[in-house]
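So the chains spell out like this:
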Amino acid sequence: MMNERPIILKQDLLEGLQSIGIEKGQSIMVHTSLSSFGYVCGGAEVIIEALLEGVGEEGTIMMPTQSWKNLDPSYGVHWEEPEKWWPLIREHWPAYDKDITPTNTMGAVAEMFRKWPGTLRSDHPARSVAAYGKNAKYLVSQHDLSDIFGETSPLAKLYEIDGYVLLLGTGYDKNTSLHLADVRANYPSKHMEENSSAMMVNGKREWVTYSTLYVDGEDFEEIGKAFEETMAVNKVDLGNAQLRFMKQRELVDFAIGWIEQHRK
């Protein structure tokens, strides 16, 4: 028997968000799978409206708006293209423009959110974050090129202001805040790598190489399972999706300990 495809209205979203602890004034990093719900009447627009209404004018909503196709082809981001094209990609890939550059596989909600009137986006050419609300400017400012997920990143700033993480139909493999734990944890295989992106430098497109921490997220689902067995995560089912809400500091601090204990 096929799963029923439910219809989700904006009021259903508002009630679901309230039931798991969304309140006015919170700052929340949101990861969303629109298709996981069923049929959301109004689509991505309605989800964004519900989120912004949930936190109110004193709150802030963040989403990852990564454009990771703007990385060196040798990194595997253009796996569908022949290697002989790589020099041409490096030479001609458009420079990052936070007002224009689309997201890559971040989902329909994040793609609409980056263009939402009033939303601000960080300057990282491959791993940007967008935010709307009271703390948006602070959260997305000074996103250092070589510190994708670390102490100058929007993730660390969300940690500093004691923010939250909201998973709307997604798993922990999409939970970007776990990368902050990558940065802060000590483990034997931790290492840096070089990458490159197309950027505007002094008004000219350049292919810029920079050093950054190597991360892959392969154990994020395992970390999430262990976290939920230990810490409080508010959950509610809405349509065919599960909503999960947690404090970012608790997640990151737990993940640091898990990583240091389990990673080689």
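In every chain, residue numbers begin from 1 and rise along the written sequence. The model is predicted, so local features are restricted to residues of pLDDT at least 70 and side-chain atom pairs to those at 80 or more, both for listing and for counting; the totals for chains, interfaces and linings are taken over all residues. Side-chain numbers here rest on the full set of heavy atoms in the structure, without hydrogens or water.

(A) Structural view of the overall build of the protein chain. Strands here mean DSSP runs of E at least two residues long; helices mean DSSP runs of H or I at least four residues long; both are numbered from the N terminus. The helix and strand tally for the protein chain stands at nine helices and 11 strands. The quantity called the radius of gyration is restricted to C-alpha atoms. Its globule counterpart is 2.2 Å times the number of residues to the power 0.38. Here the C-alpha atoms of the protein chain give a radius of gyration of 19 Å, agreeing with the 18 Å that 2.2 N^0.38 yields for 264 residues. Only protein chains enter the accessibility calculation, which uses a 1.4 Å probe; a residue is then buried when its area is under 20% of its type maximum, exposed when over 50%, and partly exposed in between. Looking at the protein chain as a whole, 52% of its 264 residues are labelled buried. Contacts were defined at the residue level, with two residues in contact if any of their heavy atoms lie within 4.5 Å. By sequence separation, contacts in the protein chain at least 24 residues apart represent 70% of the contacts at least 6 residues apart. Methods summary: accessible areas were calculated by the Shrake-Rupley approach with a probe of 1.4 Å, and residue burial reflects only the protein chains presented. When the accessible surface of the protein chain is split by element, carbon and sulfur atoms take 51% of a total near 12,900 Å². Distance between charge centroids for the protein chain: 3 Å, based on 26 positive and 39 negative side chains. For the purpose of counting charges, residues Lys and Arg are taken to be positive, whereas Asp and Glu are taken to be negative. His and the chain ends are not included. Charged side chains are reduced to one point each, which is NZ for Lys, CZ for Arg, CG for Asp and CD for Glu.

(B) Local environment of the pairing of strand β2 (residues 27-32). Here β2 lies mainly inside the structure; six of its six residues are buried. With burial as the criterion, each face of β2 is covered, one bearing Ser27, Met29 and His31 and the other bearing Ile28, Val30 and Thr32. Here the rule is simple: two strands pair whenever DSSP picks up at least two bridges between them. Bridge count between β2 and strand β4 (residues 60-64): three bridges; the pairing is parallel. Residue pairing in the sheet places Ile28 in a bridge with Ile61 of β4. Pairing geometry for β2 and strand β7 (residues 164-168), over five bridges, is parallel.

(C) Region of interest: the layout of surface pockets. Taken as a whole, the largest pocket spans an internal volume of roughly 810 Å³. Forming the walls of the largest pocket are 35 residues, and the residues nearest its centre are Gln66, Trp68, Met106, Asp173 and Lys174. Looking at the lining of the largest pocket, the elements with two or more residues in it are β2, β4 and α4 (108-113). Partitioning the lining of the largest pocket into residue classes produces 17 nonpolar, 13 polar and five charged. Within this model, the second largest pocket holds a volume of roughly 170 Å³. Here a cavity denotes grid points, spaced 1 Å and computed from the protein atoms alone, that fit a 1.4 Å probe unable to get out, and a pocket denotes an open set having protein on both sides within 12 Å along at least 5 of 7 lines; residues with an atom within 4 Å of a point are the lining. Lining the second largest pocket are Asp182, Tyr187, Ser189, Lys190, His191, Tyr214, Val215, Asp216, Gly217, Glu218, Asp219 and Arg263. Grid points are joined across faces, edges and corners, and a volume is the space filled by probe spheres set on the points. Under the convention adopted here, Pro, Cys and the residues Ala, Val, Leu, Ile, Met, Phe, Trp and Tyr are nonpolar, Asp, Glu, Lys and Arg are charged, and Gly plus all remaining residues are polar.

(D) How the structure looks around unusual backbone geometry. One non-glycine residue with positive phi stands out, namely Gln142, at about 55°. Inspection of the secondary structure puts Gln142 in the loop between α5 (136-140) and α6 (154-160). A relative accessible area of 69% places Gln142 in the exposed class. For Asn202, which is not glycine, the phi torsion reads 55° and is therefore positive. Looking at the element boundaries, Asn202 is found in the loop between β8 (192-201) and β9 (204-213). Residue Asn202 is classed as exposed on the basis of its relative accessible area of 81%.

Everything listed is a geometric property; what it means functionally is a separate question.
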